[in-house]
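Spelled out from the first residue to the last, the chains are:
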Amino acid sequence: MNFARFALPLGALAYLPLACSSDVGPDKTIPGPPGNTTFAMGGSGGAPVGGSGGSMTAGGTGAGTAGTGGTGGATGGSGGSAEDNGMACAKTGECPVGGFVCKSNVCTCSNDKPSICGTGATAVCTNKMIDPDHCGDCDTKCDAGATCVAGKCGAKPTMVATATGCGGGVRMATDGKNLYWLESAGKIRSVPVGGGTIADVATGQMKPTQIAVDSSGVYWANQGADGKTGTIVKKALDAAPGDAPTLLVTGMGTQDPNKGKAVALPALTVQKGMVYYSETSVVHQVTLDAQDKVTKDIMVGIAVNYDNGGMVVEGTPVGLAASDAFVVWTSPLDRGGVESHKIEAVTNATDNKPGYGKLGKSVGALLPAGAVVLDAKNGYWLDGGKVEFGPLTSTEGLYDVVTQVSGTFTALALAGTKLYLADDSGKVYAHGVAPVAGEDGPSPIARDQMGVSSITTDATNVYWITDDCVISKLPL
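A quick note: this is a predicted structure, and the numbers were derived from the prediction, not measured.

A. Quick look at the overall build of the protein chain. Check the secondary structure of the protein chain and you find 0 helices and 37 strands. By residue count, 51% of the 476 residues in the protein chain fall in the buried class. Counted over contacts in the protein chain with a minimum sequence separation of 6, partners at least 24 positions apart contribute 43%. For the protein chain, the computed accessible surface area is about 20,500 Å², with 54% contributed by carbon and sulfur atoms.

Pasting the structure below:
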């Protein structure tokens, strides 16, 4: 195909606004760049088979399709992939706002935002596959909080409740009927998963740090005032609002005995009626009777110095997860490590072999809150902008990456074979437990959710809570 060429003097320059544009636009007459030079229009390319496609020089609009005998289709020849707004330029500062850059003397959209929506001063460069303000086309705007994926709007998050006085680092759990969270002012609170009246489960607690729930009660860890008086507490779900909670563990040390520093987050989780918690470097399993009296408290894991053959105790678990067979913990404050142990009694206080595993060692930016989950084979944890995993039975401390983002992850949960995540950009994501080759990152399911500090799931929904006490949900 022959391509027409146009030569225009500098005086013919004009700003030519475009209406909402497709990703592959028609040929347009473009003003010449400064200096009275002339240039060639980019062609529209030929048929899907044939020669080499039409070449696209500065000023072309959209991608040329391949010419006769070519090998391609949509991007034929050397055709450009981004649109321009018809305005000549010498530098980006001369281009309209909205994402335009000056390239080859023409105001052009970048390859990652290849389409133009709007006209004149309202024109913007966009990617209609992911832009919630122009999703699929220029006129579709997704609901507040909803994301645009593959050119289609997702569901709008539902706000469950808004409380007050949370403070930073709010932790949350659910039993499928109610959501429970702790507040820095010493309150444990709840609300039905469908929304409704917020209730106080307990008040006057001393620095509550972590929370868990099962079919019989809600549990939390109190740090205590001096690093030596931490407690593990339970409030039965069938207890009256005014009933006092039950102290399961008292006088719990929350300082690293080797380094003498306070631990901000004593770890806690529950599994099949068993309560697991960390005290300094040791992970405990607690058995309760029908009256919530402790009948057994045993060691099931020890954070160790995995660089020392003598397995010297060193490390403070602050994140904890358990299954029927394994317990997994993270020690970000001391070792940057992720460790595991079979759920069986440890009798030697300085050596927890056999049954000990190293999932990851010297993990650099392990989330200080210690978010960790596990399935039947692997443990999963956050490391800055990465989700990493390693086998529960690993002895080498080698791990792989599931997915990653450019920012920092702030919360993690697991439901079946899917991970749910939040990061510091205000997005909530979903991703399978297995890595996906060539992916750009996890799939966003919500946006503008700033300060997400905890995520939890039940059989039907994923829930998250922000630092300003807004609780929201979406279907799984």
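Having seen it, we continue.
B. Representation of the nonpolar core. Membership of the largest hydrophobic core comes to 16 residues, with the highest contact counts inside it found for Tyr380, Leu382, Val387, Phe409, Leu412, Leu419 and Leu421. Taken together, the elements giving at least two residues each to this core come down to strand E28 (378–383), strand E29 (386–391), strand E31 (409–415) and strand E32 (418–423). A per-element tally of this core places E31 first, with 3 residues. Those residues in contact with Leu382 that lie beyond four places of it in its chain are Ala365, Leu366, Leu367, Ala371, Val387, Phe409, Thr410, Ala411, Leu412 and Leu421.

C. Layout of the sheet that holds strand E10 (residues 158–162). Here we have 4 strands laid out as an open sheet, ordered E10-E37-E36-E35, and antiparallel in their pairing. Only two strands of the sheet have a single partner each, and these edge strands are E10 and strand E35 (452–457). The average angle at which neighbouring strand axes cross in this sheet is 20°, direction not considered. Inspection of the sheet shows strand E36 (residues 461–466) paired to strand E37 (residues 470–475) by 5 bridges, in the antiparallel sense. Paired with Val462 across the strands is Leu474, a residue of E37.

D. Molecular detail of the pattern of salt bridges. Under the criterion given, the structure shown has 6 salt bridges. Its salt-bridge partner being Arg189, residue Asp200 comes within 2.9 Å of it at the nearest N-O pair. On the criterion of sequence distance, the pair formed by Asp200 in strand E14 (residues 199–202) and Arg189 in strand E13 (residues 187–192) is long-range, its members being 11 residues apart. Residue classification places Asp200 among the partly exposed residues on the basis of a relative accessible area of 35%. Within this structure, Glu183, Arg189 and Asp200 form a network of salt bridges that share partners.

What counts, and at which threshold
Residues numbered from 1 in each chain as written. Predicted model: local features only at pLDDT ≥ 70, side-chain atom pairs only at ≥ 80, totals over all residues. Heavy atoms only, no water. Helix = DSSP H or I, 4+ residues; strand = E, 2+ residues; numbered from the N terminus. Buried < 20%, exposed > 50% of the residue type's maximum accessible area, 1.4 Å probe, protein only. Contact = heavy atoms within 4.5 Å. Areas by Shrake-Rupley, 256 points an atom, 1.4 Å probe, with all protein chains shown as cover. Core = buried A, V, L, I, M, F, W, Y, C linked by side-chain atoms within 4.5 Å. Pairing = 2+ DSSP bridges. Axes fitted to C-alpha atoms, helices over the stretch in contact; angles between N-to-C directions. Salt bridge = Lys/Arg side-chain N within 4 Å of Asp/Glu carboxyl O.

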